[in-house]
Protein chains: 2
Amino acid sequence: MSKLYLGIDVGGTNIKAGLVDKAGNIVHKDSIKTSVDKGSQAVVADIVGIAKSLIFGNGLSYAGIGAVGMGIPGSIYSNEGLVIDSYNIGFSMVPIVELFTQEVPLPTVIDNDANAAALGEAVFANKEGYKYIVLITLGTGVGGGVVIDGKIYSGNKGVGAEVGHMSVMMDGRVCNCGNIGCWEQYASATALIADTKAKIAECPNSKLAEIAKRDGKITARTAFEARRSGDKAGAEVIEDYVKYVGTGLGNLANIFRPEVILIGGGVSNEGEYFIDMLQEYTNRCLYSAKAAAVKVKRAKLLNDAGILGAAALAIECRK
Amino acid sequence: MSKLYLGIDVGGTNIKAGLVDKAGNIVHKDSIKTSVDKGSQAVVADIVGIAKSLIFGNGLSYAGIGAVGMGIPGSIYSNEGLVIDSYNIGFSMVPIVELFTQEVPLPTVIDNDANAAALGEAVFANKEGYKYIVLITLGTGVGGGVVIDGKIYSGNKGVGAEVGHMSVMMDGRVCNCGNIGCWEQYASATALIADTKAKIAECPNSKLAEIAKRDGKITARTAFEARRSGDKAGAEVIEDYVKYVGTGLGNLANIFRPEVILIGGGVSNEGEYFIDMLQEYTNRCLYSAKAAAVKVKRAKLLNDAGILGAAALAIECRK
């Protein structure tokens, strides 16, 4: 029987893991809450636990597993298997690969979760055969991964591309990282929610305000819904948001000149019309557009993107 | 005798060419005015002419030449030997490699001049052994080249990195390319001169204004000189300029996480103190700085950077 690969998506809320075959089919999967409150040792134990239970609980042995991949949010030395900083899971200088393989003696690789997601798209959902792929995730922050010729671009020491921290407004909003005008201060779902909130304060009688009141909360969907219902305040929020996201996409298009930029994360569920608006904005930013177009598309791997991305790390490391 | 490589730096004013050995020594060189006014056929004839005169004029034959490399400003399909658009030399859709090799039957490669310059630094001036190098040229515009593991990163169809057209100010200055807030609208020597001019209009009694009057012109050096003499207006221009250049450097540091960003072009001659200011600004922008530092240094190949970059293209294509 051909080997399976174990992909582990280590998040701040849940750890999700799956046994995946080379074609990207998830054969078994499992999920547990992350014990962030109990410290990094407890989280490492969670990861070891879910790995062992997936393997042995399904009647397999280590011999049946080709390799293990982990996608982890934060700053990572992928080459050394070391998590420099991951605020979401409370890791600081944790040699996760060493700690994990003491318990689970299998070839193990890690990378930033957005890098892993980009690799997952390249390995499992790339029927077009793209060689240059940039993936962006619009969520709590803005993550990004770059895959060139089937390999993650990860820069010096494997630290990786931090595209969410490029400045798109050098006199703009101050970011948690200390830099000014970081893209994620404008393009993340968090920023969209804050901008929606500000617009509601400004236009308390708008449909936008009404929808928020009806739902009892403001989400990344509130302004989109208001816009669809013809509300001016909602349309203004979305117009700005398209500019915010699109400016960064235009930058990545000019800097990497990829064949495609894939949009992932919760906001990408909004639908094709939103992707089309981003495509149009990106086209306007693209230098010498006729030389090579850059497509903007929705990422294809949806709910299991984290597991599949991590499994792709495992598969690629055995090549 | 080991072969020589012919590097041709095709500029809007001059075409410079040199026969270069593998160690980066220029054995013979020559330069002619570019016949831009006479059209692209005349410029191609110029390039052929200087190539032949360098080879045969120095008693060599085609057998003594390993390959030819050309650095050309503008938008290039390096893979296909085609110049899409080069406003400086009046080329549009010129299959320069095909036209050149009809006359000079040698292996010939082309690339954008900033890409070539970056490769030249990597091949001839990289005693540190950097694997990840970004080179920026601050001149009429802002050019950039990225070299990863000794190879130019050139994206889809070899169109290349257009880092000067990333937006650093999404509500900012409109660029000739149609995009808004392009880095080169702030960080080029052209922009520095325009900003100096604006400051002089605002502060007509400043030392800055006095220096411009004394010289009978405003250059990229005017504000630097005023600042050194203690002038407030000059200091303000330079403070802004460091922010403008530094914001883009910070973006490239976060996006590529290179080991080094090299600064070339006329403005880089200002001196180490200017480079130090850029280093400091870049450090402030760098995400998770402790994970991997990004050095900012002056490019090492000076006047002959164009020829050596083009020669590096030729040498690398024969590997």
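Calculation notes
- Residues numbered from 1 in each chain as written.
- Chains lettered and ligands numbered in written order.
- Predicted model: local features only at pLDDT ≥ 70, side-chain atom pairs only at ≥ 80, totals over all residues.
- Heavy atoms only, no water.
- Contact = heavy atoms within 4.5 Å.
- Buried area = accessible area lost by both parts, 1.4 Å probe.
- Salt bridge = Lys/Arg side-chain N within 4 Å of Asp/Glu carboxyl O.
- Polar contact = N/O pair within 3.5 Å; in protein donor to acceptor, adjacent residues only side chain to side chain.
- Helix = DSSP H or I, 4+ residues; strand = E, 2+ residues; numbered from the N terminus.
- Nonpolar A, V, L, I, M, F, W, Y, C, P; charged D, E, K, R; others polar.
- Pairing = 2+ DSSP bridges.
- Least-squares fit on C-alpha atoms with pLDDT ≥ 70 in both.
- Phe/Tyr/Trp six-rings, centres within 6.5 Å; stacked < 30°, edge-to-face > 60°.
- Axes fitted to C-alpha atoms, helices over the stretch in contact; angles between N-to-C directions.
- Buried < 20%, exposed > 50% of the residue type's maximum accessible area, 1.4 Å probe, protein only.
- Lys, Arg positive; Asp, Glu negative; His and termini not counted.
- Parallel < 35°, antiparallel > 145°, perpendicular 65-115°, else oblique.
- Left-handed = near helix turned anticlockwise from the far one by under 90°.

Focus: the interface of chain A and chain B
(1) Moving on: Counting from both sides, the interface comprises 45 residues of chain A and, opposite them, 45 residues of chain B.
(2) Moving on: Considering only the side of chain A, the residues that lose the most area to chain B are M170, I255 and Y287 of chain A, jointly responsible for 19% of the buried surface there.
(3) Moving on: Between chain A and chain B we count four salt bridges in total.
(4) Moving on: Between D85 of chain A and K290 of chain B there is a salt bridge, and its shortest N-O distance comes to 3.2 Å.
(5) Moving on: Run the count over chain A and chain B and you get 26 residue pairs in polar contact (both at pLDDT 80 or more).
(6) Moving on: Put simply, the parts of the chain that give the side of chain A that touches chain B at least two residues each are strand 5 (75-77), strand 6 (82-86), helix 8 (232-256) and helix 9 (272-285) of chain A.
(7) Moving on: Ranked by the residues each element gives to the side of chain A that touches chain B, the list is headed by helix 8 of chain A, at seven residues.
(8) Moving on: When grouped by side-chain class, the residues that make up the side of chain A that touches chain B number 23 nonpolar, 13 polar and nine charged.

Observations regarding the pairing of strand 7 (residues 91-94) of chain A
All names here are of chain A.
(1) Moving on: Here strand 6 runs beside strand 7; their pairing, made up of three bridges, is antiparallel. Directly across from S86, in strand 7, lies its bridge partner F91.
(2) Moving on: The turn linking strand 6 back onto strand 7 is made up of four residues, and G90 within it adopts a positive phi angle of 65°.

Remarks on the relation of the copies chain A and chain B
(1) Moving on: Of the two same-sequence chains, chain A is brought onto chain B (RMSD 0.0 Å, axial shift 0.0 Å) by a rotation of 180°. The symmetry that links the two subunits is that of a two-fold axis.

Structural notes on the packing of aromatic side chains
(1) Moving on: Considering all chains together, one arrives at 15 aromatic pairs over all chains under this definition.
(2) Moving on: Summarising the aromatic geometry, the rings of Y241 of chain A and F274 of chain A are spaced 6.1 Å apart at their centres and angled 10° between planes, so their arrangement reads as stacked. Remark: F274 of chain A occurs in helix 9 and Y241 of chain A occurs in helix 8; sequence separation between them is 33 residues.
(3) Moving on: Taken together, the aromatic side chains of Y132, Y153 and F256 of chain A together with Y132, Y153 and F256 of chain B make up a single cluster linked through ring pairs.

Description of the sheet that holds strand 11 (residues 151-152) of chain A
Residue and element names in this part refer to chain A.
(1) Moving on: Taken in spatial order, the five strands line up as 11-10-9-12-13 in an open sheet, and their pairing is mixed. Two strands in the sheet have a free side with no partner beyond their single neighbour: strand 11 and strand 13 (295-298).
(2) Moving on: In this structure, strand 10 (residues 142-148) lies alongside strand 11, joined through two bridges in antiparallel fashion. Looking across to strand 11, one finds that I148 is bridged to K151.
(3) Moving on: Helix-sheet contacts for helix 9 involve strand 12 (260-264) and strand 13, and the interaxial angle to strand 13 is about 160°.

Considerations on the pairing of strand 9 (residues 132-138) of chain A
Residues and elements named next belong to chain A.
(1) Moving on: Along strand 9, six of the seven residues are buried, which leaves the element largely enclosed by surrounding structure.
(2) Moving on: In this structure, strand 9 lies alongside strand 10, joined through seven bridges in antiparallel fashion. For T137, the partnering residue across the bridge sits in strand 10 and is G143.
(3) Moving on: What sits between strand 9 and strand 10 in their antiparallel hairpin is a turn of three residues.
(4) Moving on: Where strand 9 and strand 12 come together, five bridges link them in parallel fashion. In the sheet register, L135 faces strand 12, and the bridge partner there is L262.

Some points on the side chain of E121 of chain B
Residues and elements named next belong to chain B.
(1) Moving on: Topologically, E121 is positioned in helix 3 (residues 113-124).
(2) Moving on: Despite its burial, E121 pairs with no opposite charge; the closest candidate is K300, at 5.9 Å N-O.
(3) Moving on: E121 has contacts with N126, L135, L262, A299, K300 and L301, leaving out every residue within four places of it along the chain.

Concerning the sheet that holds strand 4 (residues 65-72) of chain B
All names here are of chain B.
(1) Moving on: The five strands lie next to each other as 3-2-1-4-8, forming an open sheet whose pairing is mixed. The sheet is open, and its two borders are formed by strand 3 (26-33) and strand 8 (108-112), each paired with just one other strand. Ignoring which end each strand starts from, the neighbouring axes of this sheet average 15° apart.
(2) Moving on: Where strand 1 (residues 4-10) lies against strand 4, six bridges are found, and the strand directions are parallel. Opposite L4, over in strand 4, you have I65 as the bridge partner.
(3) Moving on: Across the sheet, helix 1 (residues 40-57) is in contact with strand 1, strand 2 (14-20), strand 3 and strand 4; its angle to strand 3 comes to roughly 150°.
(4) Moving on: Packing of helix 2 (residues 96-103) onto the sheet brings it into contact with strand 1, strand 4 and strand 8, and relative to strand 8 it is tilted by some 145°.

Some remarks on the packing of helix 1 (residues 40-57) of chain A against helix 2 (residues 96-103) of chain A
Think of two packed helices as two axes; the pair is described by the angle between the axes and how far apart they sit.
Residues and elements named next belong to chain A.
(1) Moving on: Where helix 1 contacts helix 2, the axes come no closer than 10 Å and their chain directions differ by 45°. Judged by the inter-axis angle, helix 1 sits oblique to helix 2. The handedness of the crossing between helix 1 and helix 2 is right-handed. Contacts between helix 1 and helix 2 involve V44, I47, V48, A51 and K52 on the former and, on the latter, I96, L99, F100 and E103.
(2) Moving on: Counted by class, the contact of helix 1 with helix 2 contains seven nonpolar, no polar and two charged residues.

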